[in-house]
Amino acid sequence: MREEEQKRMVETYEITQAIRIGDREILFGVDEKQELPYFCGFYRSNALVGEYSECMAGDDYVEMMELFADRIKTQCEKVREEWAKVTVPREKITEQMCIPLSKCDNLKGKVMAVRPEVLRPEYRSAEHQLVYVRSGNGIRSNSFGTACYCTNLYDGENVRWERYDFQGEVKPENLPLWARERVEEVRKQETEKVSLSREVR
């Protein structure tokens, strides 16, 4: 691939600095041909769309770089506020705490730990790593698909991970107490759904 094809652009601005922290990415771009050659903005994306916001351009490099730095600091402060609201110990689930993925055949109903390196540095802790696997083509090791549909044990959100994103099944003795309680809640909900489905039929 040629170098110019690898450049990231926003309109005519080439993005020369990009730092993602928290829920947004902060961008700094340059277009020397513009009257206002320096650009700073936010970018946020999900599985479907991306969105730019609070985009500004200026002709003072230092001023625009200060804006870039200030926005990074603001995002850092937001992450710290998020951390302060977490109601469980922010510990990391390590590879040694898990049964290796290679020894896990059927993941359905198992508590899996997402590999830390898959997550951004600020989110490499148990409340983001621990999931209960419900379904998906990736639950079996010999399947062609890799998608696993899960429930995040901390916030209860439905999430999708690929089988290869997991470092393994968390050993029962290494599962935090709060997570054990959440697992029981999730399994109870799953049982109730199955029972309700049978009644409807």
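It should be noted that the structure appears before, not after, this text.
Residues numbered from 1 in each chain as written. Predicted model: local features only at pLDDT ≥ 70, side-chain atom pairs only at ≥ 80, totals over all residues. Heavy atoms only, no water.

**Observations regarding the pattern of salt bridges**
Side chains that differ in charge, positive against negative, can pair when their charged atoms come close. In this structure the tally under the stated criterion is eight salt bridges. The partner of Arg-8 in a salt bridge is Glu-25, and the shortest N-O contact between them spans 3.0 Å. Here Glu-25 lies in strand β3 (residues 24-30) and Arg-8 lies in the loop between α1 (3-6) and β1 (9-10), a separation of 17 residues in the sequence. A residue is classified by how much of its surface remains accessible, and Glu-25, at 14% relative accessible area, is buried. For Glu-117, the salt bridge identified is with Arg-115, shortest N-O distance 2.9 Å. (Salt bridge = Lys/Arg side-chain N within 4 Å of Asp/Glu carboxyl O. Helix = DSSP H or I, 4+ residues; strand = E, 2+ residues; numbered from the N terminus. Buried < 20%, exposed > 50% of the residue type's maximum accessible area, 1.4 Å probe, protein only.)

**Section: the sheet that holds β3**
A sheet is described by the order of its strands in space; here five strands give the open sequence β1-β2-β3-β4-β5, paired in antiparallel fashion. Of all the strands in the sheet, the pair left with one neighbour each is β1 and β5 (50-58). Strand direction decides the pairing type here: β1 and strand β2 (residues 13-21), joined by two bridges, are antiparallel. Note that in β2 the partner of Val-10 across the bridge is Tyr-13. Of the strands in this sheet, β2, β3, β4 (38-45) and β5 are in contact with helix α2 (residues 61-85), which crosses β3 at around 170°. (Pairing = 2+ DSSP bridges. Contact = heavy atoms within 4.5 Å. Axes fitted to C-alpha atoms, helices over the stretch in contact; angles between N-to-C directions.)

**Notes on the packing of aromatic side chains**
The full count for this structure, using the stated rule, is seven aromatic pairs. With a centroid separation of 5.3 Å and 75° between ring planes, the pair formed by Tyr-38 and Tyr-61 is classed as edge-to-face. Remark: Tyr-61 occurs in helix α2 and Tyr-38 occurs in strand β4; sequence separation between them is 23 residues. Residue Tyr-38 is classed as buried on the basis of its relative accessible area of 13%. Accessibility expressed as a relative area gives 41% for Tyr-61, which makes it partly exposed. Look at Tyr-154 and Trp-178: their rings are 5.9 Å apart centre to centre, the planes differ by 90°, and that puts the pair in the edge-to-face class. Remark: Trp-178 occurs in helix α4 (residues 177-200) and Tyr-154 occurs in the loop between β9 (147-152) and β10 (158-162); sequence separation between them is 24 residues. Classification of Trp-178 as buried rests on a relative accessible area of 10%. Among the aromatic residues, those joined into a ring-pair cluster are Phe-28, Tyr-38, Tyr-61 and Phe-68. (Phe/Tyr/Trp six-rings, centres within 6.5 Å; stacked < 30°, edge-to-face > 60°.)

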